[in-house]
Amino acid sequence: MIEVHNLVKHYGSVKAVDDISLTVDKGEILGFLGPNAAGKTTTMRIITGYMPASAGTVKVAGFDVFEQGLEVKKRIGYLPENPPLYPDMRVRDYLKFTARIKGVHPKTINAEVDRVAARLSVIEVMDNHISKLSKGYKQRVGFAQALLNNPPVLILDEPTNGLDPRQIIEVREIIKSLGSDHTVILSTHILPEVSMTCNRVAIINEGKLVKIDTPDNLTMQLQGSESIILQIEGPVTEIESALSQHNSVTAVAVQPNSKDNIATYKVEAAIGSDIRKELAALVVNRGWGLLELKSETLSLEDIFLRLTTKEEEVN
Amino acid sequence: MGNLFQIYKRDLKGYFSSPIAYVVIGLFLIVTGIFFYLLLSSFLQYSYAMMMQRQNIPVNVNLMMIRPFFLNMSVIVLFVIPMITMRSFSEEKKSGTMELLLTSPLTNWQIILGKYLATFTLYFVMVMVTFLFMVFLFIWGKPGLGPILISYLGILLMGLVLIAVGNFISSLTENQIVAAVGTFGATMLLWVIGFAGDFAGKVFGELFKYLSIVNHFEDFSKGVFDTSHLVYYLSLTFIMLFFTYQSIESSKWRS
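The structure displayed is predicted, hence computed values, not measured ones.

1. Observations concerning the interface of chain B and chain A
Accessible area lost during the coming together of the parts is what is often quoted as the interface size. Between chain B and chain A, the residue contacts involve 19 residues of the former and 23 residues of the latter. Counting only elements with at least two residues in the side of chain B that touches chain A, the list comes to α1 (2-17), α5 (97-103) and α12 (227-254) of chain B. Partitioned by chemical class, the residues of the side of chain B that touches chain A number 5 nonpolar, 11 polar and 3 charged.

This is the structure in structure tokens:
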């Protein structure tokens, strides 16, 4: 549905987007993840046809963004970082206006406006002036605008920006439900958001595409080893040597607790070997007290930090 | 065409749903009204004096009253235009709605012309309200209608150019104050460049006088319709609209 090839964008001497290539299939939700000023917004703006690229091509539904901009714009709903609202208009008039310029058939405008308003639950403010709305409502009116005329492609730049926690959950649900018949690209710097809403994640840093994969795969790939954390009551040196004698264990780190007999052990094991059961049996058989045992998985946050701060090590 | 009309309608509503239209029209009517009153009272004094001297030469209201009135109006317009054009593109850029327009299936020309015609409509209403003053002259006098209509045509053509200039300058910045001051500077330049024509030697003098927007209006105020002035106004308008297009297009590359 969306094909981006070798996209480059310069702002003067600054390279905001540096050779990004990716494709998004129909019905997929792709999350752009990256720190601020990483090039997420620029990439999205190029896809929407708001600004031309310095080099590279973008195709949406088979149409080139630069050559056939109008055809592409008909198929994209776009929510910019700051919702594009006219403060002096009422919500209903604003949505009607945007519906008209997006080419909604005059006879179905009212129904279409009501549909998107219901979807984003902004019905109760339809007759209010936009300047009087709270940040959360403004954001949702902006989102409603993007859904007008039911475009097959949605580009959402930080859609949950400025919402309260309950609204964030609502909006995420909406995005997930859109995924079935829309192609969605959304950007965020909130990490749990991508793992919750997206099928795939593209991590962008300093204009480069660092990694693109499903959230689960990213987590898998990045774990060089599996680590297990144990808290055991017993003689520290004895336990340490016993643990490290196990076949699959590569390293053991000890962190003594305040109580002299209890310590926390971080055991690194070869990848794919689940030795939690064996370790538990070992400890119990020796008569030590097993207080805690858990395997540690990398959160998306850890992956993100690794990818954006220590790229060389990862690749 | 439908899209152009949507932009036009929204902008026009924007003018009239905010205080801008009313403040500007009110201000314009007060200032032109004062000039109208002053010109009328001095005209009445003059015709009274003529009557006392028992001279039977009829005094010409078109020449003595209406023509100076329109010449005054042509200068007042220069001060009012920046107030109505300053927000056309600047506000859209500032509030981010330009991003909405440019990512909607609209062409640049639909956006530019829709906005341009909306501003011109406001200007048209503002200017034509002064026709009420003329009604008084028709009730108690016998002015010629032809010269009045041609004077209005001239004022409207002047507006056509100045609004295009204002819209262009507004498209360069997202700051309304900068847009207003810039447009004010430009309209003043188009006015005073005619004065410079008297001192600038033969070739440049002619050129400066030709560029002066108010000089071209003088014939209209006499009730003379000369197509060379029409060419001047229309070509300057097209150039300014073309510049606006380029400005919108290049802001895409820069932003």
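So, next bit.
2. Re the domain arrangement of chain A
Segmentation of chain A into domains returns domain 1 (2-221) and domain 2 (224-296). One C-alpha centre belongs to domain 1 of chain A, the other to domain 2 of chain A; they are set 47 Å apart.

3. Looking at the environment of B:Val224
Mapped onto the fold, B:Val224 is located in the loop between α11 (213-221) and α12. Under the C-beta neighbour-count criterion, B:Val224 is labelled exposed, with 12 such atoms within 10 Å.

4. A few points about the pairing of strand β13 (residues 262-269) of chain A
Residue and element names in this part refer to chain A. Alternating residues of β13 divide into Ala263, Tyr265, Val267 and Ala269, all buried, and Ile262, Thr264, Lys266 and Glu268, none buried. By the bridge criterion, 7 bridges tie strand β12 (residues 249-256) to β13 in an arrangement that is antiparallel. Within β13, the residue paired with Ala251 across the bridge is Glu268.

5. Side note on unusual backbone geometry
All names here are of chain A. We note that Ala61 has phi near 50°; this positive angle belongs to a residue other than glycine. For Ala61, the location among the structural elements is in the loop between β4 (55-60) and β5 (63-64). The exposure class assigned to Ala61 is partly exposed, which follows from the 18 C-beta atoms found within 10 Å. Despite not being glycine, Glu206 shows a phi value in the positive range, around 50°. Topologically, Glu206 is positioned in the loop between β9 (200-205) and β10 (208-213). Judged by C-beta crowding, with 16 C-beta atoms within 10 Å, Glu206 ranks as partly exposed.

6. Here we look at the sheet that holds strand β3 (residues 29-33) of chain A
Residues and elements named next belong to chain A. With respect to topology, 6 strands assemble into an open sheet ordered β6-β7-β8-β3-β9-β10, the strand pairing being mixed. Each having just a single partner strand, β6 (76-79) and β10 make up the two edges of the open sheet. For this sheet, the mean angle separating the axes of adjacent strands, direction not counted, is 15°. Relative to strand β8 (residues 183-188), strand β7 (residues 153-157) runs parallel, the two being bridged by 5 bridges. When the bridges of β8 are listed, Asp157 appears paired with Ser187. Across the sheet, helix α1 (residues 40-48) is in contact with β3, β6, β7, β8 and β9; its angle to β7 comes to roughly 150°.

7. Topic: the environment of A:Leu79
All names here are of chain A. Mapped onto the elements of the fold, Leu79 is located in strand β6. Taking the C-alpha atoms as reference, Leu79 lies 43 Å from Ile228; in sequence the two are 149 residues apart. If near-sequence neighbours (up to four positions away) are discounted, Leu79 is found in contact with Gly142, Phe143, Ala146, Leu156, Asp157 and Pro159.

Analysis parameters
Residues numbered from 1 in each chain as written. Chains lettered and ligands numbered in written order. Predicted model: local features only at pLDDT ≥ 70, side-chain atom pairs only at ≥ 80, totals over all residues. Contact = placed C-beta atoms within 7 Å. Helix = DSSP H or I, 4+ residues; strand = E, 2+ residues; numbered from the N terminus. Nonpolar A, V, L, I, M, F, W, Y, C, P; charged D, E, K, R; others polar. Domains from an automatic or database assignment. Buried ≥ 20, exposed ≤ 12 C-beta atoms within 10 Å, placed from the backbone. Pairing = 2+ DSSP bridges. Axes fitted to C-alpha atoms, helices over the stretch in contact; angles between N-to-C directions.

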